[in-house]
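Chain residues, written in single-letter form:
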Amino acid sequence: REIIIDEVPQLLRLPTNQIAASANFFLNSTEEKATLEVLLQLDPSLLTYTISQLDYGITYLSNMMFRGDRTAAIQMIRSQCVLSPSMGLQLLKLGVVGGIEEMRISRLLSSAGQSSGRAVEGVVGDMSKDIREWKQVKGGKSSLG
């Protein structure tokens, strides 16, 4: 336990339930249990990711490399761990970090879309107000004749 804290001191600042959930992801999963335990032993910093980040990381990896086949992504991580555990670790981290970045960009785009939608509403409201005022000034008559 002390070795893990020495390697990953940020665990002291994270909520215990988050660390426990992340550990559960590695230690109590069914199909990928042995592979994921090896990865956790190689890099205890994996415990700093939330369960949703870890799970989405495998989904992201499956979408990017295996046409959405999550089982194939897990099998590739497993086979890489057999050949070179550090390669399996890097493959998992590629998925997790890529998934985190994808979620971040998605939130930014959503926020930008909402902002531009509010801006369009403001412009349309201003134009509508200008047209009403113009009609009042013209007495409701069209300028076309």
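About the thresholds
- Residues numbered from 1 in each chain as written.
- Predicted model: local features only at pLDDT ≥ 70, side-chain atom pairs only at ≥ 80, totals over all residues.
- Heavy atoms only, no water.
- Axes fitted to C-alpha atoms, helices over the stretch in contact; angles between N-to-C directions.
- Helix = DSSP H or I, 4+ residues; strand = E, 2+ residues; numbered from the N terminus.
- Contact = heavy atoms within 4.5 Å.
- Parallel < 35°, antiparallel > 145°, perpendicular 65-115°, else oblique.
- Nonpolar A, V, L, I, M, F, W, Y, C, P; charged D, E, K, R; others polar.
- Salt bridge = Lys/Arg side-chain N within 4 Å of Asp/Glu carboxyl O.
- Buried < 20%, exposed > 50% of the residue type's maximum accessible area, 1.4 Å probe, protein only.
- Core = buried A, V, L, I, M, F, W, Y, C linked by side-chain atoms within 4.5 Å.
- Patch = residues over 30% accessible without salt bridge, like charges linked within 9 Å, V, L, I, M, F, W, Y side chains within 5 Å.
- Areas by Shrake-Rupley, 256 points an atom, 1.4 Å probe, with all protein chains shown as cover.
- Expected span 1.5 Å × (residues − 1).
- Polar contact = N/O pair within 3.5 Å; in protein donor to acceptor, adjacent residues only side chain to side chain.

Student: How would you explain the packing of helix H2 (residues 16–27) against helix H4 (residues 51–65) if you had to name every residue and give the values?
Tutor: For the pair H2 and H4, interaxial distance at closest approach is 8 Å and the crossing angle is 35°. Judged by residue contacts, Ala21, Ser22, Phe25 and Phe26 of H2 engage Ile51, Leu54, Asp55 and Ile58 from H4.

Student: Give a detailed account of the packing of H4 against helix H5 (residues 70–83), specifying residues and quantitative values.
Tutor: One can describe the packing of H4 onto H5 by two numbers: an axis separation of 8 Å at closest approach and a directional angle of 100°. Between H4 and H5, the crossing angle belongs to the class labelled roughly perpendicular. Contacts from Asp55, Ile58, Thr59, Leu61 and Ser62 in H4 reach Arg70, Ala73, Ile74 and Ile77 in H5. Grouping the constituent residues of the contact of H4 with H5 by class yields 5 nonpolar, 2 polar and 2 charged.

Student: Kindly report on the pattern of salt bridges, identifying the contributing residues and their values.
Tutor: One pass over the full model with this rule turns up 3 salt bridges. Aspartate 43 serves as the salt-bridge partner of lysine 93, at 2.6 Å between the closest nitrogen and oxygen. Residue lysine 93 is found in helix H6 (residues 85–138), and its partner aspartate 43 is found in the loop between helix H3 (33–42) and H4; the two are separated by 50 residues along the sequence. Look at lysine 93 and you get partly exposed, because its relative accessible area is 21%. Residue classification places aspartate 43 among the buried residues on the basis of a relative accessible area of 12%. Across the pair aspartate 55 and arginine 70 runs a salt bridge whose closest N-O atoms are separated by 2.5 Å. Within this pair, whereas aspartate 55 is found in helix H4, its partner arginine 70 is found in helix H5, the two being separated by 15 residues in sequence. Classification of aspartate 55 as partly exposed rests on a relative accessible area of 34%. Here arginine 70 falls in the partly exposed class, since its relative accessible area comes to 27%.

Student: How would you explain the side chain of glutamine 80 if you had to name every residue and give the values?
Tutor: With respect to the secondary-structure elements, glutamine 80 resides in helix H5. Beyond its immediate chain neighbours, meaning those up to four positions away, glutamine 80 contacts Pro85, Met87, Gly88 and Leu91.

Student: Go over the nonpolar core, please, and point to the residues and values.
Tutor: Ranked by size, the top nonpolar core spans 25 residues in total, and within it Phe26, Leu39, Leu46, Ile77 and Leu92 carry the most contacts. Of all the elements in the fold, those that place two or more residues in this core are H2, H3, H4, H5 and H6. Counting residues per element, this core draws most heavily on H5, which supplies 5 residues.

Student: Explain a nonpolar patch on the surface to me, and be specific about the residues and the numbers.
Tutor: Together, Met64, Met65 and Leu94 give the surface a local cluster of nonpolar side chains, amounting to about 310 Å² of exposed area. For methionine 65, the position within the fold is in helix H4. You can call methionine 65 partly exposed: its relative accessible area is 45%.

Student: Describe in detail H5, supporting the description with residues and values.
Tutor: The end-to-end C-alpha separation of H5 is 20 Å, in line with the 20 Å expected for 14 residues at 1.5 Å each. Among the residues of H5, Ala72, Ala73, Ile74, Ile77, Gln80 and Cys81 are the ones counted as buried. Its side-chain oxygen placed 3.1 Å from the backbone nitrogen of threonine 71, aspartate 69 serves as the N-cap of H5.

Student: So what's going on with the environment of valine 8? Residues and values would help.
Tutor: Tracing the backbone through its elements, the reader meets valine 8 in the loop between helix H1 (2–7) and H2. On a C-alpha basis, the gap between valine 8 and leucine 46 in space is 9.3 Å, while along the polypeptide they are 38 residues apart. If we ignore the near neighbours within four places in the chain, the residues touching valine 8 are Pro44, Ser45 and Thr48.

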